[in-house]
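A closer look at the structure
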Amino acid sequence: MDRGKKENQFITNKNSKIYMDLKDIIREHVLSFLPAKSLSRFRAVCRDWKLQISTPFFAHNQSNGFHEISGFFCQSGSNPPSFISLDPAAYGVPDPSLKFLPEPVDIRTSSNGLLCCQGLRGLNAYYICNPVTKQWKMLPKPNASHGSDPALVLIFEPSVLNFVADYKLICAFPSVDFDNGYEFEIYSSREGVWKVFGEIYFGNKKLLPRSGVHVNGIIYWQATDGGIVVFDLVMERTQLLYGDYDSYNGYRSGTLGMMNGKLCLTKVHQPGLVVLVLSNAYKNTMQMRSNVKTWEQKHQICLSSSVLSGAASNDPNGRNVLFAGGNIILVRSGGKLYSYDMKTKAVQCLLDELDQGARAVAYVNSLVEI
């Protein structure tokens, strides 16, 4: 008996994501990947977007989804800081001078949207803050004396599982008990206390205070002679690396940074820039005349003579390269400040007049909660 055939019926759920309106798709799946300044403007689109962006859960997702270098806080001497945006329409902060903090500060270091500042009065206290939300926290006084120009590194790695920022602040400071030695102290936001490590680095080295870089649980500080002091946070051990060797200038440290999860070293090398990547940290333990190299050249970047006219290529400490990390390289040349985007190959003049002693700290435009 022929029962006949029923027409195929596709039962669909009208709530399925394939039937979502474009505005709902953007709200649910795009907004959290945008920078904080753009999100501030998007609050005015509609009531639903305003409510979405205002929730702590959204701020948590945005801090996990957005990691692009957005600009730089620049500061000269004890003057208030200013903010230089890589894209003023997209990136910015409401108070670049950080007047919401209880005292004038010196910006020391940053990590994924958080700044570490040090007060210029009284106890020279450390502050951790988010310049977008104006949230801040003053850290307790360290156990050790860090000196007048501490070598600090802030570590904040956003995690889906941590709804409150879990960060660490590490300082390398000259030992008062051992000549030519450096000790290390760490503050953990999870524990809320400072701890001095038992490891001491012995060596006639002077660390450059603002040179510290964190890569995969290891911190690297440049020394004035081109050496690189390494501290492994997991093993609590130190060692010494050397910068790239030049037959004319000896060891040249350049500027340290992190690119694609690896330690990089960037320096001016006419007619442009050279980026090297750490390929073997144990070269000094191998047999003599080994062909294994500590550094491997990764990028050779050509820039116009007008950009590099004021940047000397024989700069051993990389003072002309103010920052190199992510996809951005920041170069000082002839009193001007230039950025180079390694993705787009675009060169941008960010500032026409930059003080010789100006410092630049990279910043990510994040909504992270402290």
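Small disclaimer: the values here were computed from a predicted structure and weren't measured. Residues take numbers from 1 onward in each chain, read along the sequence in its written order. Only residues with pLDDT of at least 70 are given local features in this predicted model, and only at 80 or more are side-chain atom pairs given and counted; all residues enter the totals for whole chains, interfaces and linings. Excluding hydrogens and water, the side-chain figures rest on all heavy atoms present in the structure.

A few words on the overall build of the protein. Helical segments are the DSSP runs of H or I of at least four residues, strand segments are the runs of E of at least two, and each set is numbered from the N terminus. Counting its regular elements, the protein contains five helices and 25 strands. A buried classification covers 50% of the 370 residues belonging to the protein. Only heavy atoms enter the contact rule, under which two residues are in contact if any of them lie within 4.5 Å. Taking all contacts inside the protein whose residues are at least 6 apart in sequence as the whole, residues at least 24 apart take part in 51%. Relative accessible area decides the class of each residue, using a 1.4 Å probe on protein chains only: under 20% of the type maximum gives buried, over 50% gives exposed, and in between gives partly exposed.

This part is about the nonpolar core. Among buried residues, the Ala, Val, Leu, Ile, Met, Phe, Trp, Tyr and Cys ones that are joined through side-chain atoms within 4.5 Å form a nonpolar core. Membership of the largest hydrophobic core comes to 24 residues, with the highest contact counts inside it found for Phe73, Leu98, Leu101, Leu115 and Cys117. Taken together, the elements giving at least two residues each to this core come down to α2 (36-42), α3 (47-54), α4 (56-65), β3 (105-111), β4 (114-119), β5 (126-130) and β25 (359-364). The residues that make up this core include at least three from each of domain 1 (22-54) and domain 2 (58-364). Beyond its immediate sequence surroundings of up to four residues, cysteine 117 is in contact with Leu98, Leu101, Val105, Asp106, Ile107, Arg108, Ala125, Tyr126, Tyr127 and Cys129. For the domain bounds, the source is a domain assignment made automatically or taken from a database.

With that settled, the discussion passes to the packing of aromatic side chains. Two rings from Phe, Tyr or Trp (for Trp, the six-membered ring) form a pair when their centres sit within 6.5 Å of each other. Planes less than 30 degrees apart are called stacked, planes more than 60 degrees apart edge-to-face, and all others tilted. If you walk through the whole model with that rule in mind, you get 15 aromatic pairs. Note on phenylalanine 66 and tyrosine 91: the rings are 6.1 Å apart at their centroids and 50 degrees apart in plane angle, and the pair reads as tilted. Note that phenylalanine 66 is positioned in the loop between α4 and β1 (69-75) and tyrosine 91 in the loop between β2 (82-85) and β3, a separation of 25 residues in sequence. The pair formed by phenylalanine 66 and tyrosine 91 is uniform in burial state, with each residue classed as buried. Plain terms: the ring middles of tyrosine 127 and tryptophan 136 are 5.8 Å apart, the flat faces sit at 70 degrees to each other, and that makes the pair edge-to-face. Grouped by ring-pair contacts, the aromatic residues Tyr126, Tyr167, Tyr187 and Trp194 constitute a single cluster.

On to the sheet that holds strand β19 (residues 272-278). When DSSP finds at least two bridges between two strands, those strands are taken to pair. Spatial ordering of the open sheet is given by β17-β18-β19-β20, a layout of four strands whose pairing is antiparallel. Of all strands in the sheet, those bounded by a partner on one side alone are β17 (255-259) and β20 (295-302). When strand polarity is set aside, the average angle formed by the axes of neighbouring strands in this sheet is 30 degrees. Pairing between β19 and β20: seven bridges, direction antiparallel. Counterpart to leucine 278 in the pairing with β20 is tryptophan 295. A fitted line through C-alpha atoms represents every axis, and for helices the fit uses only the stretch in contact; the resulting angles, taken between N-to-C directions, go from 0 to 180 degrees.

Further remarks concern the sheet that holds β3. Taken in spatial order, the four strands of this open sheet run β3-β4-β5-β6, and their pairing is antiparallel. Of all strands in the sheet, those bounded by a partner on one side alone are β3 and β6 (135-138). Each strand axis lies, on average, 25 degrees off the axis of its neighbour in the sheet, ignoring direction. Direction of pairing for β4 relative to β5: antiparallel, over a ladder of four bridges. The residue bridging leucine 115 from the neighbouring strand is cysteine 129, located in β5.

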